[in-house]
Structures are given as C-alpha cells and as structure tokens.
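The lines below spell out each chain.
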Amino acid sequence: MNKKTSASSGKSKGKSTGRSRIRTPRVELHPASIKYLYKGHPWITKDRFSMKFPQGSPFVTAKLEEGKFAILLNDPTHDSVLARLWRIGEGSHLGPKDFYFELRQRMQDSFEARRGITDRENYYLAFGETDFLPGLFIIRLKDRILVQFYSNFWNHFEKDILKIIKDFYPNDKVWVQKRNLKRKKEFYCASNKSIQEDEFTVNEFGVDYIIRLNQFYDIGLYTDMAAIRNRVKDDFEDKSVLNLYSYTGAYTLFALKQGAKDVTSVDLSQKYLDWLEENLELNKMEGNTSLCMPTIKALEKFKEEGRKFDLIICDPPSASSDGKKVSKAIDAYKDMIPLFDMILNKGGKAHIFLNTHSITRKKFETKVKEYIGKRKISITGALRLTGDCPSLKGFIEGDYLKGLTLLKK
Ligand SMILES: C[S@@+](CC[C@H](N)C(=O)[O-])C[C@H]1O[C@@H](n2cnc3c(N)ncnc32)[C@H](O)[C@@H]1O
C-alpha cells in the first residue's frame, strides 16, 4: 500500500536534517525484492508492488524489517527497473540536502578510485550500481566528460551532478546523454548549449581513436572493453587476427599496436568501417583488411577459401541482423563455433563475448560447451568487466559483458 504524503503535510518522522520537510513516500516491496536487496541486488523490477510506486516523488522508502528501511531512487516510467537502492539504514526519510551530500561523497569516492589510470584517456569515473550510483555512468574522455543516465530518476538531480563534476574537473567540457532502450540519440553539451556535435581523439594504450559525440547513439569506442583489451594484450604479437563485429576498429588497432601480423575486420556497417579506416590513418597503421558483410557470411567465405587465423575476437551486439533476419548473439554462436573450429589454426584462440545482462555467465558457458560438442576446442578462460568497470557481488545484471577464451587443440 502506498502512503503518499502531500507536499503541504510538513510532518517528517525521519531523522533527516534536510531542507525539505516532505516525508519520503512509503511503499511496500515484494518479499522477494527484500531478500534480493539484502543479498546486494540493488534493483526493484516491475511487479504488483512496484507498479504502485508513486509517480511524482524522486525517492520512496520501504520498511524491510523493524527499524530497517531502504531508501530507493524512484523511476516509475522505466520499462522494467522501477526503483534502485540508494541505501539501507535506520532512517526512513531522505531530504534533498542529505541526498546532495551523499551523492557528492559517492561521486568523489568513485572519481578518486580512478586516479591511478594513466595508460588511457578514456575510463569510467563512475560505473553505476558498482559505485553505489545506481543508473549513473560517467566516462572521462581526455578533457571531456560524458554523463550517462540509465534512469530517469537522475533528471531530478542533473544540476547537482553537473555542479559536482565542475568542482572536480573545472576545465572539462561536459556532455549529458540520456540512455534509453529504443537507442534514441539524446545528447546535449551542458558546458555550452550551442554546441551540437563534438569530434576529438582519445588515446587508449598508445592508440588514438576518433570520438564523435551526438552523431550516433554510441560514441565510437566502448570504454567498458578497455580494461579487457589490456588483459588480452599479449595474445596478438605475430598473429593473424580476425576481428568480428569490428565496429570502429578498437580491437583492430590495438592488435596492430601489439604487433599482430595482419588483421581482418568484419562489420555489417560500411559507416563504421569507414570510421575504422579514419582511425588507421590517424595512427598511420597498416595491415588491416576490412570486409563489409554479415559475420556468418564472412566465416563461410574464409572456410571456402581455406583461410586460417591464429586469433579471433568476436564481440557481437546482444541481438543483430544479417540484413534479413534478427538473431540473438547466444544463438548465433551455434553457427559460428563450428566455423571457428574450421578457420582457426591448431593452437589458435578465440575470445568470444556476450553482451547482455539477461543471460547468465553460467548459461553462456553451458551453451558454448553444447555448441563445441565433440570438437577439439576447449574453454580455457573467462573474461569479465574489470578495472574501472568492476562488478558488484549479488548483482548479476551488472556482470553484463561476459567473455570466454576458446583454444583449438
Ligand atoms: C558491440 S559493437 C562491437 C564493438 C567492438 N568489438 C569494439 O570493441 O569496439 C557491434 C558491431 O557489430 C556490427 N554488427 C551487427 N550485426 C552484425 C552482423 N550480423 N555481422 C557483422 N557485424 C555486425 C555493428 O555494426 C557494430 O559495429
């Protein structure tokens, strides 16, 4: 049952010293949600309880047990995650002033945790739930900062976030992006509203990449992959590399930088392959061949040609189209793995990824084992978000980028 207090009631039973005397609306949670909150899972997904959360209030509070309350960031317009945990404590109220100071402290802690990163100009300053800033992601891109809201809750506190960022990074140009499930492009430059687009380069592990803000939904470089790229850096030297779903070529250029013999990049989009070419020119790098075609078609072509590779990087979107039908990455591996088997040299490796929070790591591995069947391929390792993009214990959705390393025996 929702007990919504009106703004004029003026009664607060909470311990807040905040400037607002409006009591945080009380909501009830599904018993399973309470169990998960205690296990470290910070999301309240859509159910018959959360669907009753009030529309107008940024915060709601729920009693978990005697004397224990959860303060939740309310997001009733979200398709599935209707609230995110801010904190569990004795107080049932959170005033805006208290929230501002807690937000500032959490942002400062999360900025400080990244101070040691010196080998790249792109890194997460805040990684949402893991930094106890649920739904708020902040990427540093050399002298730009990109704030990404995955929850509409943050619209209420946009000014506060921008102020805190300005205090810590006074000279950076700040952009805000509202991320959404429809992948609709929604950017604006908070430092200068008259700027429509921004193009610049950032350096990641000695390679320059062109970043384009407000041209596409994504910006040209996936920062959550940076620490993983660094993890596999020793695998490229003198190797013939196949980069599938290459996008703008982050792995292609990284491979060449690490001394790969040659790289073949495959992507469905000529637009991204042109961007890859621009990145190569920028770095004066040679040794790549790009193919604009669906991955499966490229793999069949290599099989027919008897073409072999030493290393495959395969990082598909969670669902993709070959121009005709849409297939989920997990299912696409059923057709791809037998082809990897045919085009990998003996002793060759494949780093394969699944980029979705809706399939667990365990299920991914089980499926891949099933697709390998009796082939002479073994799973030799796992890759996961790391470094500036850590995972949170108990929050499996946060572990969305899953990698496995396959070895051809
Ligand atoms: C998640 S991005 C890959 C990111 C890249 N691995 C990186 O680290 O920068 C997915 C890419 O897959 C491409 N793509 C989607 N469907 C495809 C398909 N069926 N065959 C080849 N490329 C595809 C998209 O154009 C996009 O560039």
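Remember, predicted model here, so these are calculated numbers, not experimental data.

Draft legend 1. Spatial organisation of unusual backbone geometry. A positive phi is found at D238, a non-glycine position, where the angle reads about 65°. Mapped onto the elements, D238 comes out in the loop between α4 (226–231) and β13 (240–244). The residue Y245 is not glycine, and still its phi comes out positive at about 55°. Residue placement: Y245 occurs in the loop between β13 and α5 (250–257).

Draft legend 2. Here's a closer look at the domain arrangement of the protein chain. Split into domains, the protein chain comes out as domain 1 (26–93), domain 2 (98–201) and domain 3 (222–408). The centre of domain 1, based on its C-alpha atoms, is set 24 Å off from the matching centre of domain 2. In this assembly, 14 residues from domain 1 lie in contact with 17 residues from domain 2. Taken together, the two surfaces of domain 1 and domain 2 that pack against each other cover about 1,300 Å², and 61% of this comes from carbon and sulfur. Linking domain 1 to domain 2 there are two salt bridges. Across the salt bridge formed by E102 and R87, the nearest N and O atoms sit 2.9 Å from each other. Scanning the region where domain 1 abuts domain 2 turns up nine residue pairs in polar contact (both at pLDDT 80 or more).

Draft legend 3. Just the pairing of strand β19 (residues 344–355), in detail. Here strand β16 (residues 309–314) pairs with β19 via five bridges, running parallel. Within β19, the position partnered with I312 by the bridge is A350. Pairing of β19 with strand β21 (residues 401–408) involves seven bridges; the strand directions are antiparallel. By the bridge assignment, I352 is partnered in β21 with L404.

Draft legend 4. Structural detail: the side chain of S246. In this fold, S246 is placed in the loop between β13 and α5. Discounting residues that sit within four places of it in the chain, S246 has contacts with T252, S265, V266, D267, L273 and L276.

Draft legend 5. Region of the structure containing the site of the ligand. Lining the immediate environment of the ligand, one finds 17 residues, of which Y245, D267, L268, T295 and D315 sit closest. The contact in question runs from a nitrogen atom of the ligand to an N or O atom on the backbone of L268, over 3.1 Å. Contact distances for the ligand include 2.7 Å between a nitrogen atom and a side-chain N or O atom of D315. Of all the secondary-structure elements, those providing two or more residues to the shell around the ligand are α5 and β17 (319–321).

Draft legend 6. The arrangement of the nonpolar core in detail. Among the nonpolar cores identified, the biggest contains 44 residues, and L141, L146, I211, L213, F236, Y251 and F353 are the most heavily contacted of them. Ranked by the residues each element gives to this core, the list is headed by α5, at six residues. Both of domain 2 (98–201) and domain 3 (222–408) provide at least three residues apiece to this core. With residues up to four places along the chain from it excluded, the contact list for Y251 reads M225, I228, R229, V232, F236, N243, I313 and F353. In this structure, F309, C314, I337 and I377 belong to the second largest nonpolar core, which totals 33 residues.

Draft legend 7. A look at the pairing of β13. Within β13, five of the five residues are buried, which leaves it mostly tucked inside the rest of the structure. One ladder, built from five bridges, connects β13 with strand β14 (residues 262–267); its direction is parallel. Of the residues in β14, the one forming a bridge with V241 is V263. Between the parallel pair β13 and β14, the chain is carried across by α5, and the sense of this crossover is right-handed. Examined bridge by bridge, β13 and β16 share four bridges and lie parallel to one another. Residue N243 lies in a different strand from β16, and its bridge partner there is I313.

Draft legend 8. Structural detail: the pattern of salt bridges. Scanning all chains against the criterion turns up 27 salt bridges. Of the charged contacts, one joins R144 and D143 as a salt bridge, the two residues approaching to 2.9 Å between their closest N and O atoms. Taking the relative accessible area as the measure of exposure, R144 reaches 12% and is therefore buried. Here R179 makes a salt bridge to D218, at a shortest N to O gap of 3.1 Å. Here the residue R179 occupies a position in the loop between β9 (173–178) and β10 (187–189), and D218 occupies one in the loop between β12 (207–213) and α4, the gap between them amounting to 39 residues. Each of D143, R144, K173 and D198 takes part in one network of salt bridges that share partners.

Reading the values: rules and limits
Residues numbered from 1 in each chain as written. Predicted model: local features only at pLDDT ≥ 70, side-chain atom pairs only at ≥ 80, totals over all residues. Heavy atoms only, no water. Helix = DSSP H or I, 4+ residues; strand = E, 2+ residues; numbered from the N terminus. Domains from an automatic or database assignment. Contact = heavy atoms within 4.5 Å. Buried area = accessible area lost by both parts, 1.4 Å probe. Salt bridge = Lys/Arg side-chain N within 4 Å of Asp/Glu carboxyl O. Polar contact = N/O pair within 3.5 Å; in protein donor to acceptor, adjacent residues only side chain to side chain. Pairing = 2+ DSSP bridges. Near = heavy atom within 4 Å. Core = buried A, V, L, I, M, F, W, Y, C linked by side-chain atoms within 4.5 Å. Buried < 20%, exposed > 50% of the residue type's maximum accessible area, 1.4 Å probe, protein only. Right-handed = clockwise from strand over helix to strand, strands pointing away.

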